[in-house]
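Observations on the three-dimensional arrangement
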Amino acid sequence: MEYVYRTQGTCSTNIELNVEDGVVKEVAFWGGCNGNLQGLSRLVKGMKVEDVIKKLEGVRCSGRPTSCPDQLCHALHEMGY
């Protein structure tokens, strides 16, 4: 299932996801701190959604109220996970 999530309170604007059978196949962040987000995309690729949520939900970035990893978890929840 492919999904595009519009982020809130982060340096990226959108997260593009592809999840199949509860496994993250692809993640792309639009905008933001590109190098860090490419590393995050590689980290979660192939992981079970439940493991991604367990590791990244609630992660904060500097003084911001949320972060790209946390917003990724919000997107996965919106997808029904």
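Described in the following lines is the structure provided in the data block. Keep in mind the model is a prediction, meaning the values are calculated, not measured. (Residues numbered from 1 in each chain as written. Predicted model: local features only at pLDDT ≥ 70, side-chain atom pairs only at ≥ 80, totals over all residues. Heavy atoms only, no water.)

**Some details on the sheet that holds strand S3 (residues 23-31)**
Selection criterion: Here, a strand pair is defined by DSSP locating no fewer than two bridges between the strands. By the criteria applied, helices consist of DSSP H or I runs no shorter than four residues and strands consist of E runs no shorter than two, each listed in order from the N terminus. For helices, the fitted line uses only the C-alpha atoms of the stretch in contact; every axis is such a line through C-alpha atoms, and the angle between N-to-C directions lies from 0 to 180 degrees.
As summarised here, the arrangement of the three strands in space is S1-S2-S3, forming an open sheet in which the pairing is antiparallel. A single partner strand is all that each edge strand has here, and the edge strands are strand S1 (2-6) and S3. Strand-to-strand twist across the sheet, computed as the mean angle between neighbouring axes with direction ignored, equals 20°. Taken together, the eight bridges between strand S2 (residues 12-20) and S3 define a ladder with antiparallel strand orientation.

**Thoughts on helix H2 (residues 49-56)**
Stated precisely, the cut-off is as follows: Partly exposed residues are those whose accessible area sits between 20% and 50% of the maximum for their type, while under 20% is buried and over 50% is exposed, using a 1.4 Å probe and protein chains only. Read the arc as the range of directions from the helix axis to the C-beta atoms.
Of all the positions in H2, only Val49, Val52, Ile53 and Leu56 are classed as buried. The buried side chains of H2 occupy one side of the element, clustering within an arc of 95° when seen end-on. More than 90 degrees from the buried face of H2, the exposed residues found are Glu50, Lys54 and Lys55.

**Quick word on the nonpolar core**
Convention followed: Residues enter a nonpolar core if they are buried and are Ala, Val, Leu, Ile, Met, Phe, Trp, Tyr or Cys, with the set joined through side-chain atoms within 4.5 Å. Here, residues are in contact when the closest pair of their heavy atoms is within 4.5 Å.
With 21 residues, the main nonpolar core has Leu17, Val27, Phe29, Val44, Val52, Leu72 and Leu76 as its most contacted residues. Those elements giving two or more residues to this core turn out to be S2, S3, helix H1 (34-44), H2 and helix H3 (68-78). Sorting elements by how many residues they give to this core places H3 first, with five residues. Apart from residues no more than four positions distant in its own chain, leucine 17 is found in contact with Met1, Glu2, Tyr3, Glu26, Val27, Leu72, Ala75, Leu76 and Met79.

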